Amino acid sequence: MKVQTFSALAEPNRLNIVELLLDGPLPVGKIAEKLELNQPQTSKHLRVLCDSGLVEVQPVANRRIYRLRPEPLQEMDKWLDSYRRMWEKRLDQLDDYLNVLQGKKPMN
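Notes on the structure follow. For every chain, the first residue of the written sequence is number 1, and numbering continues from 1 along that sequence. Per-residue local features of the predicted model are confined to residues with pLDDT of at least 70, and side-chain atom pairs are confined, for both listing and counting, to 80 or more; whole-chain, interface and lining totals are unaffected and use all residues. Note: side-chain values were computed over all heavy atoms of the structure, leaving out hydrogens and water.

1. A closer look at the sheet that holds strand S2 (residues 55-60)
We apply this condition: Each pair of strands is called paired provided DSSP finds at least two bridges between the two strands. For the purposes of this entry, the term helix denotes a DSSP run of H or I that reaches at least four residues, the term strand denotes a run of E that reaches at least two, and both are numbered from the N terminus.
Read across the open sheet, the three strands follow the order S1-S3-S2; overall the sheet is antiparallel. In this open sheet, the two edge strands, each paired with only one partner strand, are strand S1 (26-27) and S2. Of the pairings in the sheet, the one linking S1 to strand S3 (residues 63-68) comprises two bridges and is antiparallel in character. Along S3, the bridge assignment pairs Leu26 with Tyr66.

In structure tokens:
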């Protein structure tokens, strides 16, 4: 997994842009409007997202339409899955321990 992905998402405006694009592609002007940012600032954030591979742009006439790329997010999900499994195991162990404390079942 790329550190660049986390770095791009660490900035709140860029994370907000990604969340907006979950609903579908948008032109830069609409993104700026929804986030109440000026267009140059929005374009700067979109460039970082494009450079990280999270977003891609498609020129349509004089507009630039941005859409989310699922691959970096899928890669992040795969990486996070190992942590999910670890925490699920630990939570199961905690549940077993709490049951022992409450006298509900013997500990293995």
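Having put the structure on the table, let's press on.
2. Examining the pairing of S2
Both S2 and S3 contribute to a ladder of six bridges, which runs antiparallel. Bridged to Glu56 within S3 is Arg67.

3. Comments concerning the packing of helix H2 (residues 12-21) against helix H3 (residues 28-35)
The criterion, for reference: Helix axes are fitted to C-alpha atoms over the stretch in contact, other axes to C-alpha atoms as well, and angles between N-to-C directions run from 0 to 180 degrees. Whether a crossing is left-handed or right-handed is set by the direction in which the near helix is turned from the far one by less than a right angle, anticlockwise for left-handed and clockwise for right-handed. Throughout, a contact is declared for two residues whenever any of their heavy atoms are within 4.5 Å. Residue polarity is assigned by list, with Asp, Glu, Lys and Arg as charged and Ala, Val, Leu, Ile, Met, Phe, Trp, Tyr, Cys and Pro as nonpolar; anything else, Gly included, falls into the polar class.
Running from N to C, H2 and H3 point in directions that differ by 115°, and their axes come no closer than 11 Å. Taken as a pair, H2 and H3 cross one another with a handedness that is right-handed. Contacts from Asn13, Asn16, Ile17, Leu20 and Leu21 in H2 reach Ile31, Lys34 and Leu35 in H3. Of the residues belonging to the contact of H2 with H3, the class tally is five nonpolar, two polar and one charged.

4. A few points about the nonpolar core
The condition that has to hold: For our purposes a nonpolar core is just a set of buried Ala, Val, Leu, Ile, Met, Phe, Trp, Tyr and Cys residues, chained together by side-chain atoms within 4.5 Å. We call a residue buried when its accessible area falls under 20% of the maximum for its residue type, exposed when it is over 50%, and partly exposed in between, using a 1.4 Å probe and counting protein chains only.
Ile17, Leu21, Ile31, Leu46, Leu49, Val55 and Tyr66 are the most contacted members of the largest nonpolar core, which totals 18 residues. Of all the secondary structure elements, the ones that give two or more residues to this core are helix H1 (3-9), H2, H3, helix H4 (39-52) and S3. Ranked by the residues each element gives to this core, the list is headed by H2, at four residues.

5. Describing the packing of H2 against H4
Applied cut-off: Note on terminology: angles under 35 degrees are roughly parallel, angles over 145 are roughly antiparallel, angles of 65 to 115 are roughly perpendicular, and the others are oblique.
Across the interface, H2 lies against H4 with an axial gap of 10 Å and an inter-helix angle of 75°. Comparing their axes, H4 and H2 come out roughly perpendicular. Touching Asn13, Arg14, Ile17 and Val18 of H2 are Gln41, His45, Leu46, Val48 and Leu49, all from H4. In the contact of H2 with H4, the residues fall into five nonpolar, three polar and one charged.

6. Here's the deal with a nonpolar patch on the surface
Stated precisely, the cut-off is as follows: Exposure above 30% relative accessible area and the lack of any salt bridge qualify a residue for a patch; like charges then connect within 9 Å, and the nonpolar side chains Val, Leu, Ile, Met, Phe, Trp and Tyr within 5 Å. Methods summary: accessible areas were calculated by the Shrake-Rupley approach with a probe of 1.4 Å, and residue burial reflects only the protein chains presented. By convention in these notes, a salt bridge is any Lys or Arg side-chain nitrogen within 4 Å of a carboxyl oxygen on Asp or Glu.
A cluster of nonpolar residues, Phe6, Trp79, Leu80, Tyr83, Trp87, Leu91, Leu94, Tyr97, Leu98 and Leu101, forms a patch on the protein surface that exposes about 970 Å² of accessible area. Among the elements that make up the nonpolar patch, the one with the highest residue count is helix H5 (residues 70-101) (nine residues). Within the fold, Leu101 resides in helix H5. Overall, the relative accessible area of 54% leaves Leu101 in the exposed class.

7. Some points on unusual backbone geometry
Phi is positive for Glu36, which is not a glycine, with a value near 55°. Position of Glu36 among the secondary structure elements: in the loop between H3 and H4. Here Ala61, not a glycine, exhibits a phi torsion of approximately 55°, which is positive. Along the chain, Ala61 turns up in the loop between S2 and S3.

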